[in-house]
Amino acid sequence: MEIPTVPHRRPALGRACLVVVGAVLVPVVLFFGVQALLGVQRVAVPSHALAGKADRGTLLFSTQAAVGRLHIGDVITFRPPAPYGDGGRVTREVEARDVLGVRTGTDDGSDPWKLSTAGPDVELAMARVAYLGYPFLGSVPLVERMLWVAVPLAILAASALLVAERRWRRHRSRRAVSTRS
């Protein structure tokens, strides 16, 4: 008498772990990998200087651009001219342009800086995603940054475990029915 063989199946918890790892790792690898391959940098807007165009916490995807190639309305990230700022980068909108360079400013008209075309390249925003930049801001408390990462991961893990638990119950009830008959 030949005993029928049953194909080996992974336990439900193992499948759930694979789902969670896949659901987390695949988007992260795609996000950072594609970004690196395309030469795109990400910049988190640290202030409310451009309210309406790029609010605080907006994640900008930027590429290097020469000052001479900028247009009015472009959102750029750069280091302010020498007497201003503390050496950190700022994000501003291009307000005016002439043959010598561009003038930048904020929505309220403060800090109108003139950038020379002979100056270093700036980072030109290509795409924006609102509120996704908060985890990348250094001024946001560590606990809040961790919540931005932990809450979505917890939701993914909980949903994967629920799916695994339902499948396990379904499998167990089928096995109970097949052993009775």
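Residues numbered from 1 in each chain as written. Predicted model: local features only at pLDDT ≥ 70, side-chain atom pairs only at ≥ 80, totals over all residues. Heavy atoms only, no water.

(A) Layout of a nonpolar patch on the surface. A contiguous nonpolar patch, built from V26, L30, V34, L37 and L38 and spanning about 530 Å² of accessible area, is present on the exposed surface. Examined against the element boundaries, V26 turns out to sit in helix α1 (residues 12-38). (Patch = residues over 30% accessible without salt bridge, like charges linked within 9 Å, V, L, I, M, F, W, Y side chains within 5 Å. Areas by Shrake-Rupley, 256 points an atom, 1.4 Å probe, with all protein chains shown as cover. Salt bridge = Lys/Arg side-chain N within 4 Å of Asp/Glu carboxyl O. Helix = DSSP H or I, 4+ residues; strand = E, 2+ residues; numbered from the N terminus.)

(B) Highlighting the environment of L115. When you line up the elements, L115 lands in strand β6 (residues 114-116). The buried category is assigned to L115, whose relative accessible area is 9%. Note: C-alpha distance between L115 and P80 (35 residues apart in sequence) is 8.5 Å. Aside from chain neighbours lying at most four places away, what touches L115 is V67, I76, F78, L100, G101, V102, T104 and V122. (Buried < 20%, exposed > 50% of the residue type's maximum accessible area, 1.4 Å probe, protein only. Contact = heavy atoms within 4.5 Å.)

(C) Expanded view of the pairing of strand β3 (residues 75-78). Burial along β3 is two-sided: the residues V75 and T77 and I76 and F78 are all buried. By the bridge criterion, four bridges tie β3 to strand β4 (residues 90-98) in an arrangement that is antiparallel. By the bridge assignment for β4, T77 is matched with T91. Examined bridge by bridge, β3 and strand β7 (residues 122-129) share two bridges and lie antiparallel to one another. Each bridged residue has a counterpart across the sheet, and for T77 the counterpart in β7 is E123. (Pairing = 2+ DSSP bridges.)

(D) Summary view of the pairing of β7. In terms of strand pairing, strand β2 (residues 59-65) meets β7 through seven bridges, oriented antiparallel. Among the inter-strand pairings, L59 is bridged to a residue of β7, identified as V129.

(E) Layout of the side chain of R56. By secondary structure assignment, the location of R56 is in the loop between β1 (41-44) and β2. Overall, R56 belongs to the buried group, its relative accessible area being 18%. Polar contacts involving the side chain of R56 include one to the main-chain carbonyl oxygen of P46, which spans 3.1 Å. (Polar contact = N/O pair within 3.5 Å; in protein donor to acceptor, adjacent residues only side chain to side chain.)

(F) How the structure looks around the nonpolar core. Formed by A65, V67, L70, I76, F78, V90, V94, V102, W113, L115, V122 and L124, the largest nonpolar core amounts to twelve residues. Non-local contacts of V90, meaning those with residues more than four positions away in its chain, are made with I76, T77, F78, P80 and W113. Counting seven residues, the second largest nonpolar core, distinct from the first, contains V43, V45, L60 and A125. (Core = buried A, V, L, I, M, F, W, Y, C linked by side-chain atoms within 4.5 Å.)

(G) Looking closely at the pattern of salt bridges. On inspection of all chains with the given rule, the structure shows three salt bridges. A salt bridge links E123 to R89, with the shortest nitrogen-to-oxygen separation between them at 2.6 Å. Of this pair, E123 sits in strand β7 while R89 sits in the loop between β3 and β4, and the two are 34 residues apart along the sequence. The exposure class assigned to R89 is partly exposed, which follows from its relative accessible area of 38%.

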